[in-house]
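One-letter residues, chain by chain:
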Amino acid sequence: ALLRAALTDAERDGSRAIELEILATMALVDSLYPRPRYAGDAALRAYGMLQRGDSMSTPPALELAAAVRSLFMADLTSSALVLQRMVIPSSMGADPGLATARALWQAHTFLAQGDAKRARAVLDDASSRSDLPLLRVLRETFLADIDTSLGRPNAALARLRPYHRGIFAVRVAVPRARAFLALNDVSGA
């Protein structure tokens, strides 16, 4: 609701750069939930603005949304390429969570490709970049998936224990179920 209200204000004020950033953020948020229709609508509007030639650059959130959608569609090559070419501004007003989010999705892509070592390296490098709760939980779920894939499901469950009853319970449910299944505990899963 906040993003939609901000978009309406930006459209009314004629602030095209802010409108583009809001559309990119909407595409990213809707990709993460996943709400593909809404994500696609926001992304199409944002790309349309970029094609009009207002000399605006592609917002990192829009590229991250494209990488997330590619990963959800199991297009690992496209996801990796988008994440690799993504440029995170280092300016004072830049979103502090974008660099961490990119690292998390790079790790997820590496994990999906079966490269747990590179995924863990990316996550270890990203560990101190952000204290944002959702990014912290996403990092922990990726590390839990790595632990499970490496035969350490108890470590995965211990890592996810602080989150399984709180507001992030849905986010950690699948990695917890995988860990329980690795322990042959179907009832726990």
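Here goes a summary of the coordinates provided. Since this is a predicted model, take the numbers as computed values, not measurements.

### A look at helix α5 (residues 76–85)
Restricting attention to buried positions, one finds in α5 the residues S79, V82 and L83. All buried residues of α5 fall inside an arc of 95° around its axis, so they share one side. With respect to the buried face of α5, the exposed residues turned more than 90 degrees away are T77, Q84 and R85. Tucked inside the fold, the buried residues of α5 contact α4 (60–72) and α6 (97–112).

### Quick notes on the side chain of R102
Position of R102 relative to the elements: it lies in helix α6. Comment: no salt bridge for buried R102; closest opposite-charge side chain is E63, at 7.4 Å. The contacts of R102, once residues within four sequence positions are left out, are L64, L83, M86 and I88.

### A word on the nonpolar core
Ranked by internal contacts, the top residues of the largest apolar core, which has 44 residues, are L23, L28, L62, L64, W105, L123 and I146. Residue assignment for this core shows that the elements contributing at least two residues are α1 (2–13), α2 (16–32), α3 (36–51), α4, α5, α6, α7 (116–126) and α8 (133–149). Beyond its immediate stretch of four places on either side in the chain, L123 contacts L104, A107, R139, F142, L143 and I146. Core analysis: the second largest hydrophobic core is formed by 10 residues, V137, L160, F168 and V172 among them.

### Some remarks on the pattern of salt bridges
All told, the structure shown has 12 salt bridges when counted by the stated rule. As a salt-bridge pair, R12 and D9 come within 2.9 Å of each other at their nearest N and O atoms. Highlighted residues: R12 and D9, both in helix α1, separated by 3 residues, approximately one helical turn. In this structure R12 comes out as exposed when scored by relative accessible area, which is 60%. On the basis of relative accessibility, which here comes to 34%, the residue D9 falls in the partly exposed class. The partner of R159 in a salt bridge is D147, with the nearest N and O atoms 3.4 Å apart. Highlighted residues: R159 in helix α9 (residues 153–160) and D147 in helix α8, separated in sequence by 12 residues. One connected set of salt bridges, linked through shared partners, spans R120, D124, R139, E140, D147, R152 and R159.

### Details of unusual backbone geometry
The phi angle of most residues is negative, glycine excepted, and most peptide bonds adopt the trans form. Phi angles above zero are rare outside glycine, and A74 is one such case at about 65°. Residue position: A74 is located in the loop between α4 and α5. Given the relative accessible area of 61%, A74 is considered exposed. At N184, a position not held by glycine, the phi torsion is positive, near 60°.

Reading guide: rules and limits
- Residues numbered from 1 in each chain as written.
- Predicted model: local features only at pLDDT ≥ 70, side-chain atom pairs only at ≥ 80, totals over all residues.
- Heavy atoms only, no water.
- Buried < 20%, exposed > 50% of the residue type's maximum accessible area, 1.4 Å probe, protein only.
- Helix = DSSP H or I, 4+ residues; strand = E, 2+ residues; numbered from the N terminus.
- Arc of directions from axis to C-beta.
- Contact = heavy atoms within 4.5 Å.
- Lys, Arg positive; Asp, Glu negative; His and termini not counted.
- Salt bridge = Lys/Arg side-chain N within 4 Å of Asp/Glu carboxyl O.
- Core = buried A, V, L, I, M, F, W, Y, C linked by side-chain atoms within 4.5 Å.

Keep in mind these numbers describe shape, not what the thing actually does.
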